[in-house]
Amino acid sequence: MRRLYLVLVLFFSLTITFKFSSCSGTCKENEKNALLRLKKEANDPTNVLSSWVDKEDCCNWEGVLCNNVTGSIIELSINGWNWSEFKGLKIDNFQWLPSLENLDHLDMSGVDLSNVTNWPEVINMLPSLINLRFSNCSLHSLPPVLDHNNSVLENLDLSLNKFSSPIPGWIFSFSSLVSLEFTGSNFTGSFPEGPFNLTSFTTLRASSNSFGSVLPQWLFDLNNLEYLDLSYSGFKGPIPSGIGNFCNLTYLSLASNNLNSTIPNWLYGCKNLETLDLKENSLEGTVSDLISNLTSLTSIYMSENFLSGKLPSVIGKLRKLEDLDLSENRFEGEVSEIFNTMNDCPPIGSGNCSSLRTLRLNDNKLIGNLPRSFGLLSNLQFCFMSNNRLEGLLTEEHFTNLTNLMVFFAAKSNLTLRVSADWIPPFQASDIIMGGWRLGPEFPLWIQSQQSIMNLDISNAGIVGEVPSWFWNLSSQIRFLNMSHNQLIGEIPTISISDSSMGSGGPWLIYLSSNNFSGSLPHIPTMVTELDLSNNSFSEGLTNFLCVKSNESYMLEILHLGGNRFSEKIPDCWVNWPELRVLNLGENKLTGWIPRSIGALSNLKSLDLKRNKLSGPLPSSLNNCTRLWKIDLNENELHGNFPPWLGTSFSNLIVLTLRSNKFDGELAPELCQLNDLQILDLANNNLVGDIPQCVNNFTAMVNGRKLIRDGDDEMDYSYYVGVFRESASAATKGNIYQYDTILSLFTSMDLSNNNLSGNIPMSLTSLVGLRSLNFSNNHLTGSIPRDIDNMKVLESLDLSNNQLSGEIPESILSLFSLSHLNVSHNNLSGRIPVSTQLQTFSPSSFTGNKLCGLPLAESCSKNPEVENEEEDDGSGDDNEVEWFYVSMAIGFIVAFWGVSAPLLFIRPWRRAYFSYLDRKWKSWHT
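Only a predicted model underlies this, so the values are computations on that prediction, with no experimental measurement involved.

### Here's the deal with the pattern of salt bridges
Under the defined criterion, the tally for this structure stands at 18 salt bridges. Note that Arg 372 is salt-bridged to Glu 397, the shortest N-O span being 3.2 Å. Here Glu 397 lies in the loop between strand E23 (389-394) and strand E24 (407-409) and Arg 372 lies in the loop between strand E21 (365-368) and strand E22 (382-384), a separation of 25 residues in the sequence. Owing to a relative accessible area of 52%, Arg 372 belongs among the exposed residues under this scheme. A salt bridge links Arg 581 to Glu 557, with the nearest nitrogen and oxygen atoms 3.4 Å apart. Here Arg 581 is found in the loop between strand E35 (558-560) and strand E36 (582-584), whereas its partner Glu 557 is found in the loop between helix H8 (542-547) and E35, with 24 residues between them in sequence.

Put into structure tokens, the structure is as follows:
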């Protein structure tokens, strides 16, 4: 028997060798000529086919495999694309292909087949074809119908093409099909209607398409399906709620679609499932405890959905689980539960019971403290828990066995870390993000042990006092440093970057704002990209900081030095800072003129010099900064005519604030070319003339926001999203507010406290997206536009202290969003339009006119100017106040019985209501 076994092994080994090894001297002449014809006709700029030489046996050519017995070519694999040269092989026809009649494997991935319109006929040309791979071949057409006689095709790969059409049904008509791939092929429309006879089908990779349809039910009914990837493909609607056969899936990805159902129960029966990816959808509901049945799971991704309820603590019992991502949902409850089950282990000594390497619970509504069992996750490498409602005290025991921890993100929580002064963490982390923790008041000495640290955030941590000198040496390797919003004092030494860190590339971000650092500004390396030293006590060194290396070019993109004590002139050496996108020197005591070299900042998007003592006119060189989104120069002593080039040079400008300066002259019509302008504040200047009639060209004030063209609608400049976001102040509703996260949604126009005259432009009412309008304290005449009701989202309107006449138009009653109104001290007359809204405003909003009616004390019956009008209406003024109170009484009665009647006549409502009161009473009493 043993000899027979050895003979059989030798026989099968020789058979495999004969079939799959390249042969010597047995290449068929007709097949060789076919391949030489292919080489002659192909465009081969990178010499992919250079080994195809006539004198050589074609079985020895690269990409060619022959049957060693028959000499027939059975496999042709051509990798046609050269990524280093970004070009590749191009073939225009398949006329050479029928000669390779025994071919069972054809792979032309990367070959340009864009001119081959009849490529599907390859399937009929090669009756023995088992594997066909035309990935990344620039294919762009598919026939809707294809008659074929192939019954052996098992694997078809059409990924990374440009079809721009629905998937034809014949794609699924191969009875022996095992695997089908068309990732990134730009298929559109619905899946073909099934079912299909696919008894051997196990794998479908169809991600990154644009189907825009519901998921096909028949696909989930396939008996043997093991791998299914439909991610990033625009599917919408529910996940099919039922599955017809036993689930054999090992991989399922429906990520980044528009699915909006709950997680179906059949999914919890897929006991072979290893990867479950449902992230970036609109899934809702809870995660069932039945997920504990999926004992083979190694990866769960459910982030960026609307899942709610308590964390599914039973997930902690999945011993093979390595990656868990439940971030950016609405989970609530105690965070400790999931950790306690993770460490519900067999007896001590049986090994680590959790395989978890990556844990993402950030951006939920979790509460409570991390339990000590968190420190037992010895395999944990990446932990993300930021933006929850965690609170409590952590000690050294919470980190006992986290020896593999490399990334720890837990910012924006109310947690306290209390450890001994000589504590050395068991890990060497590269990223520690603990902004918002209570780490102080002493500087955390344990950071000194973190020799691999690259990203460190200990902002708003209650740290008081000087920064130890050893930290500034350690910081030379830190690429992202955030110690803002503490109470740190002292001087900052020269900031350097270690030689070992220079080769790792940027960005280099330093955020030390809102402390009490003083002295001179520190010198920085040229490769630092973001620097925020705002709201400290620096008082000198601005010139030395900006101009010390006149022969070097800095890479700095964000420079924020606002809110310090600089009192010198702005240095004139901005040519050294060509990459600057954000420059903020506001809220200092800077004097002199704005330097001309500031025009060298061609990449500048945000310029903020507010609340200084700057004087002189705006430098004309500023019009070279054509990419500006924001110009804030308010509360300075700048003067001169309002420059027309402000309207012609900044096509992307969103915020223009020149408030409280000494600008004079007329508003040039060129101002109206600022189509993206959302905030225009020219208040408290000496401007004269008419308001331009072309204000309706402010497109962003019509649409309510700038039209999104480049994804920068949030005006978020930092490399890390949310670290440095644009902000702007705007006067509205009688106060000044600061806008940052919702800046892109706010629109305002303030021309108050000038010497403007003429009528309010009728085109103003076209600004239907405007939220705040202030023309007060000018010399405007005429009437309030009667079409003002078009401005539906207007929240604040101030036209006071002008010379407006006529009546308040009745159309103003349609401004339901209006919460601040002031038309006082004009020449308005007549009755104040009656509504429950206008009558809630203070009488001071209407005084100084010839108006009558509520909320003013003066009744219209005593106003001779409207007496005749009242008589024509056929109703007496005496009833005005009475009807107002009658309407209030009616409203009260309707509201009272609207609530009371269901409680009296609907028994379930009555029981629920009194049960609620009973629970509240017991809760209060307890």
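### Notes on the state of the cysteines
Taken as a whole and judged by the stated rule, the model has 6 disulfides. With a sulfur-sulfur separation of 1.8 Å, Cys 547 is cross-linked through a disulfide to Cys 573. Judged by the torsion about the S-S bond (-70°), the Cys 547/Cys 573 disulfide is left-handed. In this pair, Cys 547 is assigned in helix H8 and Cys 573 in the loop between E35 and E36, connecting sequence segments 26 residues apart. Across the disulfide from Cys 852 sits Cys 860; the S-S distance is 2.1 Å. For the disulfide bridge between Cys 852 and Cys 860, the dihedral angle about the S-S bond is near 95°, and by the sign convention the bridge is right-handed. By relative accessible area, which is 0% here, Cys 852 ends up buried.

### Some details on the UniProt feature "domain: Leucine-rich repeat-containing N-terminal plant-type" (unreviewed entry) in the chain
When the UniProt feature table is mapped onto this chain, "domain: Leucine-rich repeat-containing N-terminal plant-type" (unreviewed entry) is found at residues 30-67. The span residues 30-67 is 32% helical and 8% strand by assignment, and the distance between its end C-alpha atoms comes to 15 Å.

### Considering the pairing of strand E47 (residues 735-739)
Bridge analysis of strand E46 (residues 728-732) against E47 gives 5 bridges, and the strand direction is antiparallel. The partner of Ala 728 across the bridge, within E47, is Tyr 739. Taking the residues that link successive antiparallel strands as the turn, the E46-E47 hairpin has 2 residues, and the phi of Lys 733 there is positive, at about 60°.

### Here's the deal with the sheet that holds strand E37 (residues 591-592)
Overall, parallel pairing links the 7 strands, which are arranged E37-E39-E41-E43-E45-E49-E51 in an open sheet. Sheet topology places E37 and strand E51 (779-781) at the edges, where each strand pairs with a single neighbour. As judged from the 3 bridges shared by strand E49 (residues 755-759) and E51, these two strands associate in the parallel manner. Bridged to Asn 759 within E51 is Thr 781.

### Some details on unusual backbone geometry
Residue Pro 195 follows Gly 194 across a cis peptide bond; omega there is 0°. Here Pro 195 shows up in the loop between strand E8 (179-181) and strand E9 (203-205). In the segment running from Gly 440 into Pro 441, the intervening peptide bond is cis, with an omega of 10°. By secondary structure assignment, the location of Pro 441 is in the loop between strand E26 (431-433) and strand E27 (455-457). The phi angle at Leu 160 is positive, at roughly 60°, despite the residue not being glycine. Among the structural elements, Leu 160 can be located in the loop between strand E7 (155-157) and E8. For Leu 160, a relative accessible area of 46% puts it in the partly exposed group. One non-glycine residue, Asn 387, lies in the positive phi region at around 60°.

### Here we look at the environment of Pro 195
Given a relative accessible area of 72%, Pro 195 falls into the exposed group. Residues Pro 195 and Trp 218 lie 23 residues apart in sequence; the distance between their C-alpha atoms is 5.5 Å.

### A closer look at the sheet that holds strand E30 (residues 487-490)
Reading across from one edge, E28-E30-E32-E34 is the order of the 4 strands in this open sheet, with parallel pairing throughout. The sheet is open, and its two borders are formed by strand E28 (464-466) and strand E34 (537-540), each paired with just one other strand. Taken pair by pair, the neighbouring strands of this sheet meet at an average axis angle of 20°, ignoring direction. Strand direction decides the pairing type here: E30 and strand E32 (residues 516-520), joined by 2 bridges, are parallel. Within E32, the position partnered with Ile 489 by the bridge is Asn 516.

### Details of the pairing of strand E55 (residues 827-831)
With 2 bridges connecting them, strand E53 (residues 805-806) and E55 associate as parallel partners. Within E55, the residue paired with Ser 805 across the bridge is Asn 827. When E55 meets strand E56 (residues 850-852), the two strands line up parallel, connected through 3 bridges. Looking at the pairing, Gly 830 lines up with Leu 851 of E56.

### Quick look at the side chain of Ser 135
Note on placement: Ser 135 falls in the loop between strand E6 (131-133) and E7. With sequence-adjacent residues up to four places away left out, Ser 135 is seen in contact with Met 108, Ser 109, Gly 110, Asp 157, Ser 159, Leu 160 and Asn 161.

Calculation notes
- Counting restarts for each chain: residues are numbered from 1 in the order of the written sequence.
- Since the coordinates come from a predicted model, pLDDT governs what is reported: local features require at least 70, and pairs of side-chain atoms require 80 or more to be given and counted, while whole-chain, interface and lining totals use all residues.
- Values shown for side chains rest on all heavy atoms present in the structure; no hydrogens or waters enter the calculation.
- Counted as salt bridges are all cases of a side-chain nitrogen of Lys or Arg within 4 Å of a carboxyl oxygen of Asp or Glu.
- Each helix is a run of DSSP H or I of at least 4 residues and each strand a run of E of at least 2, with the numbering of both proceeding from the N terminus.
- Any residue under 20% of the maximum accessible area for its type is buried, any over 50% is exposed, and the rest in between are partly exposed; the area is computed with a 1.4 Å probe on protein chains only.
- Disulfides are defined in this document as cysteine sulfur pairs within 2.5 Å.
- UniProt positions are given in the numbering used here, feature names are shortened, and annotations may be inferred rather than shown by experiment.
- Between any two strands, pairing holds if DSSP finds at least two bridges.
- For every element, the axis is a line fit to its C-alpha atoms; helices are fit only across the contacting stretch, and the angle between N-to-C directions ranges from 0 to 180 degrees.
- Contact criterion: two residues are considered in contact whenever any of their non-hydrogen atoms come within 4.5 Å of each other.

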